[in-house]
Every structure is written in C-alpha cells, then in structure tokens.
Amino acid sequence: AAPGSPIMVDGDIYTYSGSTIRRLNSMTGETVTEGTMVDKSSYSIVPMTYGDGMVFVGLSGGKIQAFNAKTLESLWVYTDELGGQPNCPITYKDGYIYAGFWNSEDRNANFACINTVDEDHASATEVKYASWTYTRAGGFYWAGAYVADDFLLVGTDDGGNGYTSQTSRLLLLDPATGELLDSWDGLNADIRSTVVYDAGTDAYYFTSKGGTFYSVQVTGDRKLTNKWSVNLANGVGGVPMSTSTPVVYNGRAYIGVSGAGQFTPYSGHNITVIDVVARRIAYRVETQGYPQTSGLLTTAYEQESGCVYVYFFDNMTPGKLRVLRDRAGQTTPDYVTTEGGRTTAYALFTPTGDQAQYAICSPIADEYGTVYFKNDSARLMAYGSAIERLEITQQPTKTAYAEGETFDPAGMVVTAVYANGKTRDVTAYVTYKTDPLDGGDGEFAISFPYVMYHNEENG
C-alpha cells in the first residue's frame, strides 16, 4: 500500500495508497479528507491528475476513477475494454482526459480519450465510456501525452521484448477523434517519457529507453517536421536508458540517464544537460543511482545569480535528492558532492534509517520551497528550508493571567521565518502549555513540532 507520487492542489497534498485516496495538510501530513477507490493502483508510480475541480486516478485493470477534488467523493469509473496497467500520466484538457494502458511488451493495449462530465449525479460509480481509443501492440507505459487544441502527441512502446528494437513511434493524433494524422516511426525502443512543449524553441521533446533524446515540431497543417535526436551514450557500456521527461528551459534540456547497470551504483548514471539550440550534450554529472523521473526546475535565483537549479532523485537506496546548478553556456558541473572519491551532482538531502529507499518520484514544491515526494519506504515526505525562528507577530488578546487560568491564544499570530527568506503563518500548528498556569509561568514556550531532523551530509 505504498503511496502514489503526490500532487498539490490549493495548498493541500493529494496521494493514494491501497484503495484509499487522501487529501493531506501540507504542513502536517495529516488527513483532511479521504475517499475509497474501486481498485488499487498497479505500482503507485504515477501521480493523479487535477482538472476542473476533479482528480483522476489510474487503477489496476485499465480503470480510471474520477473524484470531487474537495470532498473526494467518487464521480465515475472508466474501465478500458482491453484492460491493462494504468502506468501512464493522465493529461486533462477542456473537459477530456487522455491516458494509455499497458498489458505486456507485445500485447495490444489502448490509448483512450474520456469525457470527464459527471452525467449521473446519483451514481458514485457511474460507468464511463471512451470517446475514442487508439490500439497499439506493446501499448503505452509511463508515456504522457501533450495535448494541444487540435492535435496531441504521445509515444508508444516498441512492441517487443527488451529495449533495443527500433519500432516505437511518436503518434500525432486528432484529440477529438483519435485519427492518426502523422507519426515518427522507427524510434529507439520504448518511449517512456511524457512529451513536453517548449515555447522558446517552439518544439516538443521526449526521451527513449533505448538512450535517445528527441525533438520535433508540428506544422500548421498538423504534420511532424524538423525532427532531430541526440544519442545519450556516455562511454560506460550498456544501454543509456532514459525514462526521464525532459525539463526544458532557456535553450537547455535536463534529463536523467542510466549507466551500465540499471541498479548498479556509480556505473555511469548521470544527469545530462542538452543544448537544444546546438543539438548536442553540454555536459553530464554523475549520480549514485539512475535519475529515472523528471526533474524540478526553479528560476527563483536566476535574477540574482543567473543560475537555475534542477532537482532530481536517484532511484537507488538511500534515494538522494540532488540539485544541479546551471546557466546558459555552461559546459561543466560546478555544484557537486564528493562520494567515495567520485564527483557527483550535489546531494541536497539524503533520507536516513527506515526512510532510505529507492525513489521513483518526480519532486514537486510549494511557494515556500518545500519539496514533497515519496519513495519505496512507503513514506510520503516533505523536505524544506530550515526554520530559523518563530516570531509572535501579533500578541494574543489576553496577556494578563491569574494563577490557575489557562492560556488563551485568541488573537495571536505566530510566523515562521525560513532560512530561504520566506515567512509563513504557522499559528494553527504551534503548541503551548494547556495546563493551568502557576506562579512560575511568567514565560512559557510556543513551539513548532513539525520538524523531524536536519540533513547533515553536506552541512
């Protein structure tokens, strides 16, 4: 019953485990509300998707269930006629969702478009039907679609065992009908990343499990054009797999790439930076494990330093959260950690004890710089900037007490000051003495209990 990768909606964290979907308080991790799913997820490796007041969760047996995002009341259930594992991200656009399913390396499975309208308010498990489906041998696994107004792009598996077949495809489909408008065929093994769009280059990007980074553009008459690719081989042997959805910003793409052995530490696993204007690798920086998911890029420090920071997880115990610092034109890593004599991407946070495990989760963050994630320890975690101090920024209404009275916090405002300069009202989360006051209580502590430990590896 491991939790699914989290998303954030209106300040709350959404996840699921077993057959329960939960909305959590992002400060405390406590359950705000929960609902019941009609089945379990196959492996809990994909987050749910939010759209128009609803959340959509992929479930075993080719199912997708919709819930009211605030109450987590079930609205409807879709079951695909070919079934399959629901390991593709779900894309929402304009009242429809789009997602693929997977049955095996070579069996047929569908990519489906489903209308999201709750048409039967009396039924919590109203049966939904696909508006259209597209069937493909090998199906769709961890392949998220990019959906525009008049076309969508999605990658397929290669339809064969292993990951050396040159038979996967990028499909250009009509989002209203599912008609195949164009395709890029003969791609390098399974396409297991989401297709992303970058406005700066007006191009779409994705990676392949065979070790290729791809770029393509779409013409006004809905055809694929200007196709190019970069080989991700790094000279360490093996297939340089990538299932990492590219993060593309300011002419640079950031992806995770595997080394010689998928689960062999320090075997060439790395974060690769690609100059998409020059169409070549700018540089790589090694990691302990394969950064298998997408990175998280922040521009928060760009104006001051000219740098962006990109956060990735190693999919290998202990599941280190690493950060890459990069700027335009950079050709070597400059923010690194030394691990066992190796130079690696800077290890920002290392889970310890029972929390240390493989991490196949894309990090998300809130406005305070807190990063939320899960790993194979079956824990959902929050890692954020240290709280330097608490300030009582508004005194309580009552400040004078007789012995035997209890403290009344009405009117009090407590603000947390983070090391990154952010401030947050934490009044609802502080603790204080609730027993009757005595003569020794001229002063007493106001405490904030939601801190487990500080990362010590790099000071």
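Above this text sits the structure in question.
1. A word on the overall build of the protein
Stage number 1. From N to C terminus, the protein includes one helix and 36 strands.
Stage number 2. Whereas a compact globule of 459 residues would reach a radius of gyration of roughly 23 Å, the protein reaches 24 Å, a difference of no more than 12%.
Stage number 3. Referenced to the eigenvectors of the C-alpha coordinate spread, the extents of the protein come out at roughly 80 × 60 × 40 Å.
Stage number 4. Put simply, the protein has 459 residues, and 54% of those count as buried.
Stage number 5. Look at the contacts in the protein between residues 6 or more apart in sequence, and 49% of them connect residues 24 or more apart.
Stage number 6. Accessible surface, the protein as shown: approximately 19200 Å² in total, 45% of it carbon and sulfur.

2. With respect to the side chain of T415
Stage number 1. Mapping T415 onto the fold places it in strand β35 (residues 413-418).
Stage number 2. Judged by relative accessible area, T415 falls into the buried class, the value being 13%.
Stage number 3. A distance of 2.9 Å separates the side chain of T415 from the side chain of T393, its partner in a polar contact.
Stage number 4. T415 has contacts with R389, L390, E391, T393, T423, R424 and V426, leaving out every residue within four places of it along the chain.

3. Some remarks on the sheet that holds β35
Stage number 1. Across the sheet, three strands lie side by side as β34-β35-β36; this open sheet has antiparallel pairing. The outermost strands of the open sheet, each flanked by one partner alone, are β34 (387-394) and β36 (423-425). Direction aside, neighbouring strands of the sheet carry axes that sit 25° apart on average.

4. Observations concerning the nonpolar core
Stage number 1. If you look at the biggest cluster of nonpolar residues, it comprises 16 residues, and the most contacted ones within it are F151, L153, L170, W184, F206 and L224.
Stage number 2. Once residues within four sequence positions are removed from consideration, W184 is found in contact with S168, R169, L170, F206, Y214, S215, V216, L224, K227 and W228.

5. Considering the environment of P333
Stage number 1. For P333, the location among the structural elements is in the loop between β28 (321-326) and β29 (336-339).
Stage number 2. The class of P333 is partly exposed, set by a relative accessible area of 30%.
Stage number 3. Linking P333 and Y283, residues 50 residues apart in sequence, is a C-alpha distance of 7.3 Å.
Stage number 4. Not counting chain neighbours up to four residues away, the residues in contact with P333 comprise Y283, R284 and V285.

6. Structural notes on the pairing of strand β15 (residues 152-155)
Stage number 1. The side-chain alternation of β15 yields two buried faces, one formed by L152 and V154 and the other by L153 and G155.
Stage number 2. Note: strand β14 (residues 146-147) against β15, two bridges, orientation antiparallel. Bridging from a neighbouring strand, V147 pairs with L152 of β15.
Stage number 3. Between β14 and β15, which pair antiparallel and follow one another directly, the connecting turn spans four residues.

7. Some points on the sheet that holds strand β16 (residues 168-173)
Stage number 1. Sheet architecture is open: four strands sit in the order β14-β15-β16-β17, paired in antiparallel fashion. Unpaired on one side and paired on the other, β14 and β17 (180-187) mark the two borders of the sheet.

8. Let's talk about unusual backbone geometry
Stage number 1. Looking along the chain, the bond that leaves T317 and enters P318 is cis, with omega of 15°.
Stage number 2. Within the element layout of this structure, P318 appears in the loop between β27 (308-313) and β28.
Stage number 3. One non-glycine residue, A189, lies in positive phi territory at about 70°.
Stage number 4. With a relative accessible area of 0%, A189 lands in the buried category.
Stage number 5. In this model, D202 sits at a positive phi of 50°, which is unusual for a non-glycine residue.

9. Overview of the pattern of salt bridges
Stage number 1. As enumerated under the stated definition, the model contains 19 salt bridges in all.
Stage number 2. Here D94 makes a salt bridge to K93, at a shortest N to O gap of 3.8 Å.
Stage number 3. Relative accessible area serves as the criterion here: at 57%, D94 is assigned to the exposed category.
Stage number 4. Note that E339 is salt-bridged to R322, the shortest N-O span being 2.8 Å. Of this pair, E339 sits in strand β29 while R322 sits in strand β28, and the two are 17 residues apart along the sequence.
Stage number 5. When its relative accessible area of 0% is taken as the criterion, R322 is described as buried.
Stage number 6. Several salt bridges converge on common partners, so that one network encompasses D314, K320, R322 and E339.

10. Looking at the packing of aromatic side chains
Stage number 1. Within this structure, the stated rule accounts for 29 aromatic pairs.
Stage number 2. Between F151 and Y204, the ring centres sit 5.9 Å apart and the planes meet at 85°, which makes this aromatic pair edge-to-face. Of this pair, F151 sits in the loop between β14 and β15 while Y204 sits in strand β19 (residues 203-208); the two residues are 53 residues apart in sequence, bridging distant segments of the chain. Each member of the pair, F151 together with Y204, is buried.
Stage number 3. Among the aromatic residues, those joined into a cluster by ring pairs are Y98, F111, W132 and F140.
Stage number 4. Cation over ring: R192 sits above Y141, and NZ or CZ is 4.1 Å from the ring centre.

11. Things to note about the environment of A347
Stage number 1. Tracing the sequence through the fold places A347 in strand β30 (residues 342-349).
Stage number 2. With a relative accessible area of 0%, A347 lands in the buried category.
Stage number 3. Note: C-alpha distance between A347 and Y335 (12 residues apart in sequence) is 9.5 Å.

12. Description of the environment of S123
Stage number 1. Note on placement: S123 falls in the loop between β11 (108-115) and β12 (126-128).
Stage number 2. Each C-alpha atom, one on S123 and one on S74, is 8.5 Å from the other, the two residues being 49 residues apart in sequence.
Stage number 3. A distance of 3.3 Å separates the side chain of S123 from the backbone nitrogen of T125, its partner in a polar contact.
Stage number 4. Looking at S123, its side chain comes within polar contact range of the main-chain nitrogen of E126, at 3.0 Å.

Each value, and the rule that gives it
Residues numbered from 1 in each chain as written. Predicted model: local features only at pLDDT ≥ 70, side-chain atom pairs only at ≥ 80, totals over all residues. Heavy atoms only, no water. Helix = DSSP H or I, 4+ residues; strand = E, 2+ residues; numbered from the N terminus. Rg over C-alpha atoms; globule rule 2.2 N^0.38 Å. Buried < 20%, exposed > 50% of the residue type's maximum accessible area, 1.4 Å probe, protein only. Contact = heavy atoms within 4.5 Å. Areas by Shrake-Rupley, 256 points an atom, 1.4 Å probe, with all protein chains shown as cover. Polar contact = N/O pair within 3.5 Å; in protein donor to acceptor, adjacent residues only side chain to side chain. Pairing = 2+ DSSP bridges. Axes fitted to C-alpha atoms, helices over the stretch in contact; angles between N-to-C directions. Core = buried A, V, L, I, M, F, W, Y, C linked by side-chain atoms within 4.5 Å. Salt bridge = Lys/Arg side-chain N within 4 Å of Asp/Glu carboxyl O. Phe/Tyr/Trp six-rings, centres within 6.5 Å; stacked < 30°, edge-to-face > 60°. Lys NZ or Arg CZ within 6 Å of the ring centre and 35° of its normal.

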